[in-house]
Amino acid sequence: MADDTDRLGLLMGVFELALTRLFEASPEGGQARDRFVEDVRRLLADTRELQADSPAVQTYEALLRRLGATHPGDADGLGVVPTPEQGLPPVGSGV
């Protein structure tokens, strides 16, 4: 089970990196990123409504943080976590 969790964390980190690079490289990447963030926020709100303690909630929150889509004092309470450059591991959920 721990191996599966480690693999999932690694895959999530690769997924986050791929998304970030895709948004950076695309001609209208900023708009695509904004739409993606809106979609993830909607998924987060819907999931919280159905299962507030779901692992999916933590995953969506972490993805928003890693995309830099949160700010201190956000109404949703996500806040901001450090980036890998500031000492956080480069892969994983960031939670």
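The structure reproduced in this document is the subject of the present report. Everything quoted here is computed from the prediction, not taken from an experiment. (Residues numbered from 1 in each chain as written. Predicted model: local features only at pLDDT ≥ 70, side-chain atom pairs only at ≥ 80, totals over all residues. Heavy atoms only, no water.)

Our focus in this paragraph is the nonpolar core. If you look at the biggest cluster of nonpolar residues, it comprises 11 residues: M12, L19, F23, V37, V40, L44, V57, L63, L64, L67 and A69. Excluding residues that lie within four positions of it along the chain, F23 makes contacts with G29, G30, A32, R33, F36 and L67. (Core = buried A, V, L, I, M, F, W, Y, C linked by side-chain atoms within 4.5 Å. Buried < 20%, exposed > 50% of the residue type's maximum accessible area, 1.4 Å probe, protein only. Contact = heavy atoms within 4.5 Å.)

Mapped onto the secondary structure, T47 falls in helix α2 (residues 29-50). Beyond its immediate chain neighbours, meaning those up to four positions away, T47 contacts A52, S54, A56, V57 and Y60. (Helix = DSSP H or I, 4+ residues; strand = E, 2+ residues; numbered from the N terminus.)

At a minimum axis distance of 11 Å, the contact between helix α1 (residues 2-25) and helix α3 (residues 55-66) shows a crossing angle of 40°. When the interaxial angle is binned, α1 and α3 end up oblique. Note that α1 runs across α3; the crossing there is right-handed. Between α1 and α3, the contacting residues are M12, F15 and E16 on the first element and T59, L63 and R66 on the second. Looking at side-chain class alone, the contact of α1 with α3 contains 3 nonpolar, 1 polar and 2 charged residues. (Axes fitted to C-alpha atoms, helices over the stretch in contact; angles between N-to-C directions. Parallel < 35°, antiparallel > 145°, perpendicular 65-115°, else oblique. Left-handed = near helix turned anticlockwise from the far one by under 90°. Nonpolar A, V, L, I, M, F, W, Y, C, P; charged D, E, K, R; others polar.)

It is worth spelling out the packing of aromatic side chains at this point. The full count for this structure, using the stated rule, is 1 aromatic pair. Ring plane angle 50° and centroid distance 5.8 Å describe the contact between F23 and F36, whose orientation is recorded as tilted. In this pair, F23 is assigned in helix α1 and F36 in helix α2, connecting sequence segments 13 residues apart. Residue classification places F36 among the partly exposed residues on the basis of a relative accessible area of 21%. (Phe/Tyr/Trp six-rings, centres within 6.5 Å; stacked < 30°, edge-to-face > 60°.)

Just distances and angles here, no functional claims.
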